Amino acid sequence: MSVAHSRKLENIIFKGLPGAIAVLGGLFLLLYHFVLDSPSMPILAGFFTEQISVPLDFFRLGTDIISIEVENFLVFQTFESIIQELNSSYSIFLGSVYFILIALGISLISSFKKMYFIGGAAFVIFFLTFTGLNGLNIGGVSTNYPLIGMIVALLIPMSYISFFKPDWGLVTRFTLIFICQIIGFGILMMLTSVEAPLLYISEQITLPIAGVCSLFLLHIGHSIVSGSSIFLLKINQGAGLKISWHITVISILYFALVLFTLLDLMGEVNLPFPTLPPLILMFAAGTAGYFVLAHKINQTEQAFDSPTVGKSLYLIGFALTTLTWGKAVYTYNQPLIEFFNHIFLYGQIALSLLFFAYLMTNFSSIINNGTALDQVIFKPRFFAYFHMRIGAIMSLVILVIFADAIIATQLNSTSLNLSADYYFQTGRPQHARILYENSWAQYLKNDRAKNTAAHLYLLDKQPSAAIRQLEESFDYAPNVPNILLLSSRLHQANRVLEAIFYLEKGLEYFPNNPYLKNNLALLYSKTNKGSDAIRLLYDFEKSQEVALSNLIGLSIKHQVSIEEDVKKTTYPITQINLLAFENKNGNLSEIKLAFDQLPKSDFVQSSAIRNQWTNQSINHYEADLQLIDSLINQTSSVGLERNYRDSKIIRTLQENQINEALKYLSGAVFNFPNQSDTYQIIAAEVLASQLDFEKAAKELALAAAVQSTRIKPIHLAILYFGGRADIAFAYQNKFDIDFPSWMIFNEAGNLAKTPQAEFFSILTDFHGKTADSLLDQMAALEHHNLKVDLAYFILIHKGHWLSDKQLAIINAYLTEGQNAIWTKEDFQSYVDFLFNNKKTEFSSGLTNLIKPEFSPFRNAYFTPLLWKGLREESDPMLKYEILQEAIQYNKDPKLWLAFVNQSREIGLGNYGTRALEEMEKWITKEDLEKLMLENQE
């Protein structure tokens, strides 16, 4: 290999590689410091819901407008502190990079001059002593065999090269040492019995690496002052400017900057101006120090002959520092971060001050001459550079004493954190918890240790111990994640006022913190302080979607008006709440949620489906049923299953699938007995909307039997006219609920005759009556509006009975006069479609009523549509099954007689006979015989 090629390879391996690692490590460090906030103490938005009643549909019975009430969800987001997630792969990868850099460094030490080599070898032994190798437990617990083995694996090739092969190039040295290092370390890994040995060494080696980094940080202590001085001396060559003033001003400003940064870090002063983070200053000093290094190597005696060795050692130190500082930030190891901050600032203050004194003492008389002083800046005439270093060390000691020797505590706490991290990552939470607690006890500025200890207590099902840990943290070193976790646990323990107290005090420490304000607003809402809650959230910017979503939710809950501009959002959680708002007001919304693009939360998905389907459906009915059935099958939560089943009921009701909806409601009563009254009342309202007061009263009677508090005055009227008057009066007396105002009883308990009472009495057993009797009763009504309503009911439910003459009477009521509710075109389209078997176009209102795309048998009470479907059905058995289902709901005599005829047609006449016997309970024998003659097939 040629000399040029060998030099090029050396530069790539010994300068390019550590230089690249330093750059990449620096970028990683900057990313996690400035882009991510406390990445190992994550704060995430969790979801919870609250229910509100909204009207699904309205129907009118005379002068009463009745709403079918269902539940919608308001989705709220509360910020929660989540347990840290340490990445074992990252730690092992970082350990591998350390492994390579250590091999490079040892290769460079092997090239040192004799006495320096002995010192370097001693340093290697000292370094290995603190790497935790004895913890590999080879040959016993904490034996020295692993340490001795690694020392032998490294010192033998180092000594062999230094004493017998001094002429070897750096690449050859590295190759031999790296191979020996791999063999020695590999043997240790094979012999050890500890769990995850690579992870163990990767964590334990961080502490001695931090010691090496501290040497690098001290080495660059005067880099900014010396670098700027050398730069000014170079540009002043031949110019003769008074650059001493420039150097003085730069030195004073930089000294003041690092001094105030240290005081601010220690909390000694409250500065009116910001300071730069120490890691930014470290990058600047490290970069400047590399260029100063060349002058220092050329002008002072070194432990090595080749300048490449010095530059490579510098870059290795720089790389180790960026990587280790980056790991401290990534894992939020605060003691290690604070150690780096302190040791770096100590070095900057001491060495910058001493270097300025050194520079002025030696060169003040000639510094402005414009001569090439940069070539002799490290060859002083009076105040030796070595003596400057001794003075700097004395200054460092003074700074350490001034800071109460905090760096020793920081290192000890760092060591405990690293060991705890190892145990935590290997699934031994109790060991980790003890170490985290001890680490925090030694150094209070150690938020993650306390946070993780509290989380581990929670995982161990010791909430009281977790709360004690968090209360200690609040008393001595409050931080936002721990306050959030503390308030959350207190809330879960029903200690809401205490949770509010800690959040309020937390805002005194961290004013305007969005996480604390958001959670405090939600707790204010729970204690009926709605105005205070909304005021807190109004302080947020409108762009903060979580706050905006919660603001809308709280405004709906506490019935506060919502500004129009906040409704214009594409954030799905906000849209879910806006749907609930529109549903509560009975408005159709333009919002159409994409269920597959929602946050991955069961709360969010179930709430979105419920609120969207209550307002309007997006997809086809069959596709929606398939979706909800798959979700029901997937869930293992009873509460979530109930939510999905309720949404399925709503979806069927929206498409007027009355038969299916009533079946689902009956099944829900059986599946969820604790909420049975909810489903019974909904079923009663659905049945009442179809004028089946008898079955509606039965459902309400069951709800009253379980002491339901959901029964309203109109429900008492349905009970009364549905044949359950005794239950209505009993409920009225027990719960002090009045009948509707139009139900007036005299002293004897008899109902006074009012138009609405007369209308309701006609609706009693509506389906069991003939069209002729209903028309007669309609004619007897005095109130014209009630006549129109009854005419509509007759057309919808009894239209298949009507002759052309009777249809003309109904037409006049519905389409003529000021109270007309249909157009003549709609009426004719309806008649043509259902009775004349003609194809016709529907208006939007008629389309919504008939829904021709669905089965005509979906609503047993919509008898004319069902009748049309039967005429078009050719399969006798299928017709029988359709009629058999229909008569389970509808008492229409024609429908029952059709069932009798169809059962006889297929040879099941005994079922028809039973049906006739049942009909005699509500139809006189004479009327029944007349109907049978009229409906013979």
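Conventions we followed
- Residues numbered from 1 in each chain as written.
- Predicted model: local features only at pLDDT ≥ 70, side-chain atom pairs only at ≥ 80, totals over all residues.
- Heavy atoms only, no water.
- Domains from an automatic or database assignment.
- Contact = heavy atoms within 4.5 Å.
- Buried area = accessible area lost by both parts, 1.4 Å probe.
- Salt bridge = Lys/Arg side-chain N within 4 Å of Asp/Glu carboxyl O.
- Polar contact = N/O pair within 3.5 Å; in protein donor to acceptor, adjacent residues only side chain to side chain.
- Helix = DSSP H or I, 4+ residues; strand = E, 2+ residues; numbered from the N terminus.
- Patch = residues over 30% accessible without salt bridge, like charges linked within 9 Å, V, L, I, M, F, W, Y side chains within 5 Å.
- Areas by Shrake-Rupley, 256 points an atom, 1.4 Å probe, with all protein chains shown as cover.
- Lys, Arg positive; Asp, Glu negative; His and termini not counted.
- Charge placed at Lys NZ, Arg CZ, Asp CG, Glu CD.
- Phe/Tyr/Trp six-rings, centres within 6.5 Å; stacked < 30°, edge-to-face > 60°.
- Buried < 20%, exposed > 50% of the residue type's maximum accessible area, 1.4 Å probe, protein only.
- Lys NZ or Arg CZ within 6 Å of the ring centre and 35° of its normal.
- Arc of directions from axis to C-beta.

Going by an unreviewed UniProt entry, the protein chain carries the name Tetratricopeptide repeat-containing protein and comes from Belliella pelovolcani.

### So, the domain arrangement of the protein chain
Taken domain by domain, the protein chain comprises domain 1 (656-764) and domain 2 (785-934). A C-alpha centroid distance of 25 Å is found between domain 1 and domain 2. Residue-level contacts link 17 residues of domain 1 with 17 residues of domain 2. The contact between domain 1 and domain 2 buries some 1600 Å² in all, and 55% of this surface belongs to carbon and sulfur atoms. Three residues stand out in domain 1 for area buried against domain 2, namely Asn656, Asn659 and Phe759, and they jointly supply 37% of the buried area on that side. Between domain 1 and domain 2 we count 2 salt bridges in total. The tally of links from domain 1 across to domain 2 stands at 10 residue pairs in polar contact (both at pLDDT 80 or more). Only helix H27 (658-671), helix H29 (693-705) and helix H32 (755-763) provide two or more residues apiece to the side of domain 1 that touches domain 2. In terms of residue count, the dominant contributor to the side of domain 1 that touches domain 2 is H32 (5 residues).

### Digging into a negative patch on the surface
Taken together, the side chains of Glu917, Glu920, Glu926, Asp927 and Glu929 present a region of like negative charge at the surface. Ranked by the residues each element gives to the negative patch, the list is headed by helix H42 (residues 925-934), at 3 residues. Take glutamate 917: it is sitting in helix H41 (residues 909-919).

### Focus: the packing of aromatic side chains
Two measures describe an aromatic ring pair: the distance that separates the ring centres and the angle between the ring planes. Scanning all chains against the criterion turns up 52 aromatic pairs. Centroid distance phenylalanine 112 to phenylalanine 304: 6.3 Å. Interplanar angle 40°. Geometry classified as tilted. Of the two residues, phenylalanine 112 sits in the loop between helix H2 (88-109) and helix H3 (114-129) while phenylalanine 304 sits in the loop between helix H10 (278-299) and helix H11 (307-330), which places them 192 residues apart along the sequence. Accessibility classification places phenylalanine 112 together with phenylalanine 304 in one group, the buried group. Between tryptophan 742 and phenylalanine 760 the ring centres are 4.7 Å apart and the planes differ by 45°, which places this aromatic pair in the tilted class. Taken together, the residues tryptophan 742 in the loop between helix H31 (725-735) and H32 and phenylalanine 760 in helix H32 connect sequence positions 18 residues apart. Judged on exposure class, the residue tryptophan 742 and its partner phenylalanine 760 are both buried. An aromatic cluster is present here, built from Phe693, Tyr720, Phe721, Phe729, Phe739, Trp742, Phe745 and Phe760 joined pairwise through their rings. For the cation-ring pair, arginine 433 lies above tyrosine 457, with the distance from its terminal atom to the ring centre recorded as 4.2 Å. One Lys or Arg, lysine 868, reaches over the ring of phenylalanine 833 and ends 4.6 Å from the middle of that ring.

### Focus on helix H39 (residues 876-886)
Taken together, the buried positions of H39 are occupied by Tyr880, Ile882, Leu883 and Ala886. Projected onto a plane normal to the axis of H39, the buried residues spread over an arc of 165° and lie on a single side. Buried residues belonging to H39 abut helix H38 (863-872), helix H40 (893-905) and H41. Capping the start of H39 is the job of one residue whose side-chain oxygen sits 3.1 Å from the backbone nitrogen of methionine 877: aspartate 875.

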